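Residues per chain, in single letters:
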Amino acid sequence: MSLTTISRNKCFGGIQSVYRHDSTETGCPMRFGVYLPPAAEQGPVPVLFWLSGLTCTEENFIVKAGAQRIAAELGVAIVTPDTSPRGLNLPGDADSYDFGVGAGFYVDATEVPWSTSYRMYAYLVQELFQIVTTELPLDAARAGIFGHSMGGHGALTIGLKHPDKFRTISAFAPIVSSTRCPWGEKALTGYLGADRSTWADYDATLLVAKLGWKGPSILIDQGGDDTFLASQLRPELLVAACAEAGVALNLRMQPGYDHSYFFIATFIEAHLRHHAAHL
């Protein structure tokens, strides 16, 4: 087995673990969490991949989202990868919270020095998906993807491009158009270069228009008091793109909620039930 167990804890009858492995895509050790519900003792279970936001590790969702109790009830596993490579000490990789360490943006970088290791897209879609569905009791044919903020951007773009792998998509406060917000413009310029034509594969609104989506309705919860709503998240752009493409979108504006894990914890049950109903 290629996984090293970092921690393993009984939780609501299942097991919450954290693993480390040597990644060929990022060229460094990577950590990820897995919650296996009690049903996994009888055989492979459906699996959700959770993608976290800026500055997060695999730990944020595990300890703050409160997802394990409902996942245990539904018989669904949750895989929680890190948000970037770590320990590489590339020039400038720790200078800001929204680029470099903790901010891989779920893309495959093409610019030096990022191109050899900042390959979170390939890491998730190819390497991690293969590892967890091969070495753990997870059903590769019943997978969904969801995430928060930068991770919501990752969940939308990866899910839309890989309906063969991910049958369901949802997000909390996602960056819906990375080519039209400051966070996205900074990350995509740094990782992909100044030619904006190379950015299109990592913008959910452009992918909806290009690829559509024939799976179940995409569920999005967005806090009405989110301080990033108008400048960074801009959900109205995805609403317009989905309407134009005929893609089913369930955008739920939640008055009074912000961008924090208190918001995520409040509505995580609805997302888990949404995915489980279709997996």
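Check the entry above for the structure.
To start, this report covers the structure provided alongside it. (Residues numbered from 1 in each chain as written. Predicted model: local features only at pLDDT ≥ 70, side-chain atom pairs only at ≥ 80, totals over all residues. Heavy atoms only, no water.)

**Remarks on the pattern of salt bridges**
No. 1: Taken as a whole, this structure holds twelve salt bridges when the rule is applied.
No. 2: The salt bridge involving arginine 273 is made with glutamate 73; its shortest N-O contact spans 2.8 Å. With arginine 273 in helix 9 (residues 261–278) and glutamate 73 in helix 2 (residues 68–74), the pair connects residues that are 200 residues apart, well separated along the chain.
No. 3: The residue glutamate 269 makes a salt bridge to arginine 273 at a minimum N-O spacing of 2.9 Å. Residue glutamate 269 and its partner arginine 273 are located together in helix 9, separated by four residues, close to a single helical turn.
No. 4: For arginine 273, a relative accessible area of 32% puts it in the partly exposed group. (Salt bridge = Lys/Arg side-chain N within 4 Å of Asp/Glu carboxyl O. Helix = DSSP H or I, 4+ residues; strand = E, 2+ residues; numbered from the N terminus. Buried < 20%, exposed > 50% of the residue type's maximum accessible area, 1.4 Å probe, protein only.)

**Some thoughts on helix 3 (residues 120–135)**
No. 1: Approximately 35 degrees is the largest bend angle found in helix 3, and it occurs at leucine 128.
No. 2: The buried count for helix 3 comes to twelve of 16 residues, which makes it a mostly enclosed element.
No. 3: Within the span of helix 3, buried status applies to Met120, Tyr121, Ala122, Tyr123, Leu124, Val125, Glu127, Leu128, Phe129, Ile131, Val132 and Thr133. (Bend = angle between axes of the 7 residues up to and from the residue.)

**Overview of the nonpolar core**
No. 1: With 89 residues, the main nonpolar core has Phe32, Phe49, Phe61, Val79, Leu138, Ile158 and Tyr191 as its most contacted residues.
No. 2: Looking at this core, the element that brings in the most residues is helix 3, giving nine residues.
No. 3: Sequence-distant contacts of isoleucine 158, that is, excluding residues within four places in its chain, are made with Leu51, Tyr106, Tyr121, Leu124, Val125, Ile145 and Phe166. (Core = buried A, V, L, I, M, F, W, Y, C linked by side-chain atoms within 4.5 Å. Contact = heavy atoms within 4.5 Å.)

**Observations concerning the sheet that holds strand 1 (residues 4–11)**
No. 1: Here we have nine strands laid out as an open sheet, ordered 1-2-3-5-4-6-7-8-9, and mixed in their pairing. In this open sheet, the two strands that pair with only one neighbour each are strand 1 and strand 9 (249–254). Neighbouring strand axes in the sheet, compared pairwise and without regard to direction, differ in orientation by 20 degrees on average.
No. 2: Sheet topology places strand 4 (residues 45–51) next to strand 5 (residues 77–81); three bridges connect them, and they run parallel. Bridge assignment links phenylalanine 49 to a residue of strand 5, and that residue is valine 79. (Pairing = 2+ DSSP bridges. Axes fitted to C-alpha atoms, helices over the stretch in contact; angles between N-to-C directions.)

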